[in-house]
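Below are the chains, spelled out letter by letter.
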Amino acid sequence: MPSIRLTIGLLGVVSLFHSHAFSQISQRSEIGFGLGVFNYTGDLVRTYNLTTSRPAATVFYRSNISKVISLRTSITGGQVAASDRHHPIDSAAIKRNASFNIILLEAAATFEYHFLDWRDDRHRLRFTPYLFAGLGLFGISGNASKTAAYSNVQMCIPFGGGVKYVLNPKYYIAFEIGVRKTFFDYLDNISGGNTSVKNYQYGNPNDYDNYFFTGITLTYTFYDIPCPSSPYR
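Residues numbered from 1 in each chain as written. Predicted model: local features only at pLDDT ≥ 70, side-chain atom pairs only at ≥ 80, totals over all residues. Heavy atoms only, no water.

### Observations concerning the pairing of strand β5 (residues 127–141)
Phase 1: Pairing geometry for strand β4 (residues 99–114) and β5, over twelve bridges, is antiparallel. Bridge pairing links A109 to L135 in β5.
Phase 2: The pairing of β5 with strand β6 (residues 153–166) spans eleven bridges and is antiparallel. Across the sheet, Y130 pairs through a bridge with G162, a residue of β6. (Pairing = 2+ DSSP bridges. Helix = DSSP H or I, 4+ residues; strand = E, 2+ residues; numbered from the N terminus.)

### Some words on the environment of S83
Phase 1: In this fold, S83 is placed in strand β3 (residues 69–83).
Phase 2: C-alpha separation for the pair S83 and L44, spaced 39 residues apart in sequence, amounts to 6.6 Å.

### Focus on the nonpolar core
Phase 1: Among the nonpolar cores identified, the biggest contains 20 residues, and Y40, L104, F138, I140 and L187 are the most heavily contacted of them.
Phase 2: Residue contributions to this core peak at three residues, all from β4.
Phase 3: Setting aside residues up to four positions removed in sequence, L187 forms contacts with Y40, F100, I102, L104, F138, I140, D209, N210 and Y211. (Core = buried A, V, L, I, M, F, W, Y, C linked by side-chain atoms within 4.5 Å. Buried < 20%, exposed > 50% of the residue type's maximum accessible area, 1.4 Å probe, protein only. Contact = heavy atoms within 4.5 Å.)

### Observations concerning the side chain of S70
Phase 1: Mapped onto the secondary structure, S70 falls in strand β3.
Phase 2: Of the residues examined, S70 reaches a relative accessible area of 1% and is grouped as buried.
Phase 3: A distance of 2.7 Å separates polar atoms of two side chains, one belonging to S70 and the other to N64.
Phase 4: Non-local contacts of S70, meaning those with residues more than four positions away in its chain, are made with R62, S63, N64, I65, T110, F111, E112 and H114. (Polar contact = N/O pair within 3.5 Å; in protein donor to acceptor, adjacent residues only side chain to side chain.)

### Things to note about the pairing of β6
Phase 1: In terms of strand pairing, β6 meets strand β7 (residues 171–182) through eleven bridges, oriented antiparallel. Bridge pairing in β7 links V166 to Y172.
Phase 2: A loop of four residues connects β6 with β7, the two strands running antiparallel in sequence.

### Examining the confidence of the model for the protein chain
Phase 1: Chain-level pLDDT for the protein chain is 82 on average; 75% of the residues reach the 70-or-more range.
Phase 2: pLDDT under 50 marks residues 1–25. Its contacts with residues more than four places away, or in other chains, come to six contacts. (pLDDT = per-residue confidence, 0-100.)

### Thoughts on the packing of aromatic side chains
Phase 1: Within this structure, the stated rule accounts for 13 aromatic pairs.
Phase 2: A ring pair is formed by Y150 and Y186, whose centres lie 4.9 Å apart and whose planes are at 15°; its orientation type is stacked. On the criterion of sequence distance, the pair formed by Y150 in the loop between β5 and β6 and Y186 in the loop between β7 and β8 (210–224) is long-range, its members being 36 residues apart. Each member of the pair, Y150 together with Y186, is buried.
Phase 3: Among the aromatic residues, ring-to-ring pairing joins F38, F138, Y150, F184, Y186, Y211 and F213 into one connected group.
Phase 4: Positioned above the aromatic ring of F132 is the side chain of R72, whose terminal nitrogen or guanidinium carbon lies 5.1 Å from the ring centre.
Phase 5: It is K164 that lies over the ring of Y130; its NZ or CZ is 4.8 Å from the centre. (Phe/Tyr/Trp six-rings, centres within 6.5 Å; stacked < 30°, edge-to-face > 60°. Lys NZ or Arg CZ within 6 Å of the ring centre and 35° of its normal.)

### Considerations on the pattern of salt bridges
Phase 1: Applying the stated criterion to the full structure yields six salt bridges.
Phase 2: In this structure, E112 engages R62 in a salt bridge whose closest nitrogen and oxygen atoms are separated by 2.9 Å. Linking E112 in strand β4 with R62 in strand β2 (residues 54–64), this pair joins segments that are 50 residues apart in sequence. Take E112 and R62: they sit in the same class, and that class is buried.
Phase 3: Within the structure, one salt-bridge network assembled from shared partners comprises E30, R62, R72, E112, K164 and E176. (Salt bridge = Lys/Arg side-chain N within 4 Å of Asp/Glu carboxyl O.)

Written out as structure tokens, the structure reads:
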């Protein structure tokens, strides 16, 4: 009987330790990739328009700072294009007949805020909406000639939101749409000009160009199990 009680006691201690250790498991690091589209607004397209979508992709690393805050670093690239010929916004755009087709590459760091405690095992939530915002740099290439002197590398402010859904403990998917607010008016290679010149190669210099990324991402989570510390320190 004493041996049975001892065995039961040891099993209880092991079970308690295992439960405590499992509760200490944390989802600290994540990697992922996504596929989607780039869109643009500027002098050729004034509002978000799905017909001007071009393919884009992203890869990222995410560090979970807390249950609701994460830091994501990402590289996103793809094609950005528009044309006055296909979607003229007014009669001047028809005469201007401008177009562009560039490759854009972005590096960004953003903070994410999750509205629901979706990592809590007690509630078993499988989804959460989230918002993100941060800073980024982007570079463009593809304009055969420049209509003005400008740098091909510029700063942007990415922000937006989405929804995440847990597939299993290690994988989840997300749908998000994000705006890239720029301080740059030459994504489309046109801006303010001399309106007396009848070639109509000018735009609005007071309205910066912006671009968007809309896509679906797949994330893999790494679990960290902290090493036990000595109680005799």
